[in-house]
Amino acid sequence: MKICLISFDFWHYDEHIVRELKEKGIEAYHINIGAFTHKNFGARIKNAMSKVFLGKNLKHEKRQNFIIESLRKIGKQDQILVINPESIEEIVHEEIRKSTDRNIAYLYDSMARNPAEHILHYFDTVFSFDHEDVKNYGFEKITNYNYLNYSPSENQNPNLDLFYITSYDKNRLTSLSILVERIQLLKLKFEVIIAGKKSWKNQLTQIFDKKHINIFKFRRKNIPQQSLPTLYKNTKVILDLMRANQTGLSFRIFEAMALEKKIITDNQNIRNYDFFDPENILILNKDFSNIEKSFFEKPYKKLSEEIYDKYTLDHWVTTVFKLK
């Protein structure tokens, strides 16, 4: 069987899908659009000038051509999975459709954030992690997946009570400013990493009291995905704050599952999943006043093997590609 994955894999989650397919003996390919870059500095300047003066993004056009050229090289596929297909032009979707017997889409952004109605007719099956989109559009429901190796909590010795890593997002950081007050009253050890430009640090002073800024660490670049397990192992609880217009579960939930970490989240929908247990997952109320120190002091309650396996990458791949 030949299966191809097409995606903008900026965070390196999608490469795990390809690896899993290959481990199952499948001839798997990855057309990683996000890895396509300008050849040199001159090409970057040319693209910048084109966007300013002609309103044309040459890099975007070259990425579309890159997909078509890559498909021609690998030939007809039994199945193609396109992740977040809304950034791909319709003319390219026509080529993708002709290149496979079964064309699949997975949306792990909500339709409210990234509308995709205009290209959904190219797909035999559309999967979504967003509860509201599944209900409103009739998509197949599937969550993100647990791609990490299992690491039991008793083999870890965390120094922090709570940890959060995020990019700059004003809505989430406004929520965080309320949370910080509560955490400090409870005298818990809390650390936040914000990845992005240094100028964002100045913007944060408008949201946070200056006395709270010290709990934040700033990075110009995103933290490599392979470094996340080490950071998460150093905490008892992982914080998960939702993006606007999204109800699906982030990868943090499944990374926490593999590392047996508790979760504090503002995602109310998490209570509808079979792995939800109030001993492991605290759903924040509106003013965050329900955070109690006892939640951090009690040990993680282990999941049953049946539930844990349901959210593994192996199960995800088997379900999406109908391998059984």
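Residues numbered from 1 in each chain as written. Predicted model: local features only at pLDDT ≥ 70, side-chain atom pairs only at ≥ 80, totals over all residues. Heavy atoms only, no water.

Topic: the overall build of the protein chain
Our working rule: Helix and strand assignments follow DSSP, with helices taken as H or I runs no shorter than four residues and strands as E runs no shorter than two, numbered in order from the N terminus. In this scheme, a residue with accessible area under 20% of its type's maximum is buried, one over 50% is exposed, and one in between is partly exposed, where area comes from a 1.4 Å probe on protein chains only. Here a residue-residue contact requires only that any non-hydrogen atoms of the pair lie within 4.5 Å. To be clear on the numbers: accessible area is Shrake-Rupley with a 1.4 Å probe, and residue cover counts the displayed protein chains and nothing else.
A tally of regular secondary structure across the protein chain gives 12 helices and 12 strands. Among the 324 residues that make up the protein chain, the fraction classed as buried is 52%. Pairs at least 24 residues apart make up 68% of the contacts formed inside the protein chain by residues separated by at least 6 positions. About 16,600 Å² of surface is accessible on the protein chain, with carbon and sulfur atoms providing 49% of the total.

Overview of the environment of S250
Note the following rule: Two N or O atoms form a polar contact when they lie within 3.5 Å of each other; inside protein one atom must be a possible hydrogen donor and the other a possible acceptor, and for residues adjacent in sequence the pair counts only when both atoms belong to side chains.
With respect to the element layout, S250 can be found in the loop between β10 (235-240) and α9 (251-259). Beyond its immediate stretch of four places on either side in the chain, S250 contacts N144 and D240. For S250, the side chain forms a polar contact with the side chain of D240, separated by 2.7 Å.

Here's the deal with a negative patch on the surface
How we decide: To count toward a patch, a residue needs a relative accessible area above 30% and no salt bridge. Like charges then connect within 9 Å, nonpolar side chains (Val, Leu, Ile, Met, Phe, Trp, Tyr) within 5 Å. The rule for a salt bridge is simple: a side-chain nitrogen of Lys or Arg has to be within 4 Å of a carboxyl oxygen of Asp or Glu. None of His or the chain ends enter the tally, which takes Lys and Arg as positive and Asp and Glu as negative. Every charge is mapped onto a representative atom, which is NZ of Lys, CZ of Arg, CG of Asp or CD of Glu.
Negative charge collects at one region of the surface, where E61, E89, E90 and E94 lie side by side. By the secondary structure assignment, E89 is in the loop between β3 (77-83) and α4 (90-98).

Examining the packing of aromatic side chains
To keep things clear, this is the line we draw: Between the rings of Phe, Tyr and Trp (Trp by its six-membered ring), a pair exists once the centres lie within 6.5 Å; its type follows the angle of the planes, with under 30 degrees stacked, over 60 edge-to-face, and the other angles tilted. Think of it as a cone above the ring: NZ of Lys or CZ of Arg counts as a charge over the ring if it is within 6 Å of the ring centre and within 35 degrees of the ring normal.
Under the defined criterion, the tally for this structure stands at 17 aromatic pairs. Ring centres 5.1 Å apart and planes at 80 degrees place the aromatic pair Y145 and F251 in the edge-to-face group. Placement of Y145 in the loop between β6 (140-141) and β7 (160-167) and of F251 in helix α9 is noted, with a sequence separation of 106 residues between them. A single burial state applies to Y145 and to F251, both of which are buried. One aromatic cluster is present, formed by Y13, Y106, Y108, Y145, Y147, F251 and W316 through successive ring pairs. When the ring centre of F295 is taken as reference, the NZ or CZ atom of K262 above it lies at 4.6 Å.

Some thoughts on the pairing of strand β5 (residues 125-128)
Heads up, the rule is: Strands were regarded as paired on the criterion that DSSP finds at least two bridges between them. For crossovers, right-handed means that the path from the first strand over the helix to the second runs clockwise, given strands pointing away from the viewer.
Here β5 shows a buried face lined by T125 and F127 and a second buried face lined by V126 and S128. In the sheet, strand β4 (residues 100-107) pairs with β5 via four bridges, with the strands oriented parallel. Paired with I104 across the two strands is T125, which belongs to β5. Examined bridge by bridge, β5 and β6 share two bridges and lie parallel to one another. Looking across to β6, one finds that S128 is bridged to K141. Taken together, β5, helix α5 (residues 131-137) and β6 constitute a β-α-β crossover, and its handedness is right-handed.

Description of the nonpolar core
The criterion, for reference: Here, nonpolar core refers to any group of buried Ala, Val, Leu, Ile, Met, Phe, Trp, Tyr and Cys residues whose side-chain atoms link them within 4.5 Å.
Ranked by internal contacts, the top residues of the largest apolar core, which has 49 residues, are I17, L81, Y106, F275, W316 and F321. In terms of residue count, α9 provides more of this core than any other element does, seven residues in total. Residues in contact with L81, not counting those within four places in the same chain, are C4, L5, I6, I104, A105, Y106, W316, V320 and F321. Counting residues in hydrophobic clusters, the runner-up holds 25 residues, among them I6, I33, I67 and F123.

Overview of the sheet that holds β6
This is how it is decided: Between the N-to-C directions of two axes lies an angle of 0 to 180 degrees, each axis being a line fitted to C-alpha atoms and, for a helix, fitted only over the stretch in contact.
Read from one edge to the other, the open sheet built from six strands follows the order β2-β1-β3-β4-β5-β6, with strand pairing classed as parallel. Strands with a single pairing partner mark the edges of an open sheet, and in this sheet they are β2 (27-32) and β6. The pairing of strand β1 (residues 2-7) with β2 spans six bridges and is classified as parallel. The residue of β2 that forms the bridge with I3 is A28. Contacts from helix α1 (residues 14-23) reach β1, β2 and β3 within the one sheet, and its direction differs from that of β2 by about 165 degrees. Lying on the sheet, α4 is in contact with β1, β3 and β4; it crosses β4 at an angle near 130 degrees.

Quick word on the confidence of the model for the protein chain
Spelled out, the test is: As a per-residue quantity, pLDDT reports the predictor's confidence and falls between 0 and 100.
When pLDDT is averaged along the protein chain, the result is 88; 87% of the residues meet or exceed 70. Every residue in residues 40-56 scores below 50 in pLDDT, and together they form 15 contacts with partners more than four places removed in sequence or on other chains.

What to know about α1
What α1 keeps buried is the set D14, H16, I17, V18, E20 and L21. After α1 finishes, the residue G25 shows a positive phi value of roughly 80 degrees.

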